[in-house]
Amino acid sequence: MFAKRITAGRTTAGAEGDVVVLLIGMRINHFWAVHQWLPVFLAMPRMLRELGKDREKGLLGHVLLTASPRSYYVVQYWESKEKLYAYAHDPAAQHQPMWALINRAEKAGKVRGHVGLWHEAYIVPEGSYESIYADMPAFGLASAHGQLPLERRGRRAHDRFAHRSGKAPAARAD
């Protein structure tokens, strides 16, 4: 059930152009306050299922991780920052109503530090990322953008950083 096909040998991610990465997570500050952190904990899988059902929303792939028994996070790879923004602000999607609920609770003084929330978003320009996977199923960036034989991008990290797809850089909307 959980077995993924292993690709023998060395591979690299097939990403071209800029890469959009979102790290998003939570920290349980007080285990006993289950009523505060459990809804937050359960919200992310719902959002990921929603995004998985509609690839047009722009989520290319994700990895669920834990940093400790208190901290959980997701690495997400997006098609563009515009699609990430659109999902975050879509009132018909899972994210915007959940975030509005958290903001209302905070403004009403009902948030007592029981659960911490965080995110970091990055637009990584082409030439500023590289990857290598040895005897691995598609993982992380390669799962989101496809897996290529290492030779297609270069055997050395220097060569993979130097790869240029010919794709124009993503438009910067500040």
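A. The arrangement of the sheet that holds strand β6 (residues 133-136) in detail. Taking strand neighbours across the sheet as the criterion, the 3 strands line up as β6-β1-β7 in an open arrangement whose pairing is antiparallel. The sheet is open, and its two borders are formed by β6 and β7 (147-149), each paired with just one other strand. Taking the axes of each pair of neighbouring strands and ignoring which way they run, one obtains an average angle of 55 degrees across the sheet. Strand direction decides the pairing type here: strand β1 (residues 7-13) and β6, joined by 3 bridges, are antiparallel. Paired with T11 across the two strands is Y133, which belongs to β6.

B. Broad picture of the pattern of salt bridges. Evaluation of the coordinates by the stated rule reveals 6 salt bridges. With a closest N to O distance of 3.7 Å, E16 and R153 form a salt bridge. In this pair, E16 is assigned in the loop between β1 and β2 (19-28) and R153 in the loop between β7 and α5 (157-162), connecting sequence segments 137 residues apart. By relative accessible area, which is 36% here, E16 ends up partly exposed. Overall, R153 belongs to the buried group, its relative accessible area being 10%. Note that R160 and E130 form a salt bridge whose closest N and O atoms lie 2.5 Å from each other. Pair noted here: R160 is in helix α5 and E130 is in the loop between β5 (115-124) and β6, with a separation of 30 residues, a long-range link. On the accessibility criterion, R160 (8% relative accessible area) is buried.

Reading the values: the criteria
- Residues numbered from 1 in each chain as written.
- Predicted model: local features only at pLDDT ≥ 70, side-chain atom pairs only at ≥ 80, totals over all residues.
- Heavy atoms only, no water.
- Pairing = 2+ DSSP bridges.
- Helix = DSSP H or I, 4+ residues; strand = E, 2+ residues; numbered from the N terminus.
- Axes fitted to C-alpha atoms, helices over the stretch in contact; angles between N-to-C directions.
- Salt bridge = Lys/Arg side-chain N within 4 Å of Asp/Glu carboxyl O.
- Buried < 20%, exposed > 50% of the residue type's maximum accessible area, 1.4 Å probe, protein only.

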